[in-house]
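# An overview of the molecular structure
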Amino acid sequence: MQGLAIILSGPSGVGKSTIVRQAGTQLANWCFSVSCTTRAPRPGEVDGQDYHFYTKERFEQEIAASSFLEWAEVHGNYYGTLRLPVQETIQSGGLMILDIDVQGARQIRNAIAGTAIEPSFVTVFVAPPSMTELERRLRGRGTETEESIQKRLKNARTELTALDEYQFCVVNDKLEQAASDFLAIVQAARCRTPLQKANLPLFD
Ligand code: ADP
Ligand code: 5GP
């Protein structure tokens, strides 16, 4: 059974984690991809659960060892997705949700193009209802310094120009609606012809 990987991108603070938390209560056999990062943990973040928090040296060793399916420098820190858990989840028929930036999503799209696992990947961009609301959420979360907020807002404008590269777009205005849209996308993604074909014993 070939599973599904949903790549979620969107500006920091738009509500990606919140949507996944909400929608996750309605999903079975799913996991969140735990990325590696060199940024410092926020209060309450747990190593191995929210992120694998690596030193710069450790991260660069893993780059050299080709451990990452993708990696990128975002807001001045390294972020990357380990290859193995993604492969294992897809091969075991599970659902993995990956929160990665637009550079990482591009790398994955290029890496899987034309391969047997391409039908497993779906890309979703989460957009804010307005830039004012995005800023309000970033500030409201209370996790960033003023410098970090400014960096994230500047980056958000660049990321929004990549919207056309994504198969789906969820606007996170009302959380209930955004979570419901996300669940509809998961369901539709499972019914896409290439994935159904890969899992049906009709073409052997
Ligand atoms: P991301 O994972 O995209 O960086 P978060 O999920 O951490 O963003 O959300 C950022 C902040 O916005 C959090 O404080 C969260 O509670 C809030 N938030 C998320 N979705 C909504 C929404 N639909 N309406 C209002 N606030 C929201
Ligand atoms: P944060 O520091 O707010 O948790 O994440 C900042 C940004 O890093 C977000 O845009 C998020 O999508 C991105 N990000 C998180 N994990 C990864 C990853 O593994 N790879 C890439 N390329 N980006 C990531």
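Look up: the structure comes first, before these words.
The rules we used
Residues numbered from 1 in each chain as written. Chains lettered and ligands numbered in written order. Predicted model: local features only at pLDDT ≥ 70, side-chain atom pairs only at ≥ 80, totals over all residues. Heavy atoms only, no water. Helix = DSSP H or I, 4+ residues; strand = E, 2+ residues; numbered from the N terminus. Rg over C-alpha atoms; globule rule 2.2 N^0.38 Å. Buried < 20%, exposed > 50% of the residue type's maximum accessible area, 1.4 Å probe, protein only. Contact = heavy atoms within 4.5 Å. Areas by Shrake-Rupley, 256 points an atom, 1.4 Å probe, with all protein chains shown as cover. Lys, Arg positive; Asp, Glu negative; His and termini not counted. Charge placed at Lys NZ, Arg CZ, Asp CG, Glu CD. Near = heavy atom within 4 Å. Polar contact = N/O pair within 3.5 Å; in protein donor to acceptor, adjacent residues only side chain to side chain. Nonpolar A, V, L, I, M, F, W, Y, C, P; charged D, E, K, R; others polar. Axes fitted to C-alpha atoms, helices over the stretch in contact; angles between N-to-C directions. Left-handed = near helix turned anticlockwise from the far one by under 90°. Salt bridge = Lys/Arg side-chain N within 4 Å of Asp/Glu carboxyl O.

If you tally the helices and strands in the protein, you get 8 helices and 9 strands. For 204 residues, the compact-globule estimate of 2.2 N^0.38 gives 17 Å, and the C-alpha radius of gyration of the protein, at 17 Å, lies within 12% of that figure. In terms of its C-alpha atoms, the protein occupies a principal-axis envelope of roughly 60 × 40 × 30 Å. Burial statistics for the protein: of 204 residues in total, 45% are counted as buried. Partitioning the intrachain contacts of the protein with sequence separation of at least 6 by distance along the chain shows that 69% fall at a separation of at least 24. Accessible surface for the protein amounts to roughly 10600 Å². Of this, 51% is attributable to carbon and sulfur atoms. Separation between the mean location of the 21 positive side-chain charges and that of the 24 negative ones in the protein comes to 3 Å.

Let's shift gears to the site of ligand 2. Around ligand 2 lies a shell of 20 residues, among which R39, Y51, E70, Y79 and D99 are the nearest. Residue R42 places a side-chain N or O atom 2.7 Å away from an oxygen atom belonging to ligand 2. One of the side-chain nitrogen or oxygen atoms of Y51 is found 2.5 Å away from an oxygen atom of ligand 2. Going through the elements one at a time, β5 (68–74), β6 (77–82) and α6 (146–160) are the ones with two or more residues in the shell around ligand 2. For the shell around ligand 2, the residue count by class is 5 nonpolar, 7 polar and 8 charged.

Further remarks concern the site of ligand 1. Close contacts around ligand 1 come from 14 residues, with G13, K16, S17, T18 and R141 the closest. Taking V14, its main chain carries an N or O atom lying 3.4 Å from an oxygen atom of ligand 1. Side-chain polar atom of R141 to an oxygen atom of ligand 1: 2.8 Å apart, as the coordinates give it. Elements represented by at least two residues in the shell around ligand 1 include exactly α1 (16–24) and α5 (131–141). Tallied by class, residues from the shell around ligand 1 come to 3 nonpolar, 6 polar and 5 charged.

When two helices pack together, you describe them by how their axes are tilted relative to each other and by the distance separating the axes. At a minimum axis distance of 11 Å, the contact between α5 and α6 shows a crossing angle of 145°. Handedness of the crossing formed by α5 with α6: right-handed. The segment α5 lies against α6, with M131, L134, E135, L138, R139 and R141 engaging E146, I149, Q150, R152, L153, A156, R157 and L160. Taken together, the residues of the contact of α5 with α6 sort by class into 7 nonpolar, 1 polar and 6 charged.

Once that is clear, we can look at the pattern of salt bridges. Inspection of every chain in the model, using the stated rule, returns 13 salt bridges. Measuring nitrogen to oxygen at the nearest pair gives 3.0 Å for the salt bridge that ties E144 to R42. Separated by 102 residues along the polypeptide, E144 in the loop between α5 and α6 and R42 in the loop between β3 (36–37) and β4 (52–53) bring together distant segments of the chain. Accessibility assignment for this pair places E144 and R42 in one class, buried. Here R109 ties to E165 by a salt bridge, and the two come within 2.9 Å at their closest N and O atoms. Of the two residues, R109 sits in helix α4 (residues 102–112) while E165 sits in the loop between α6 and β9 (168–171), which places them 56 residues apart along the sequence.

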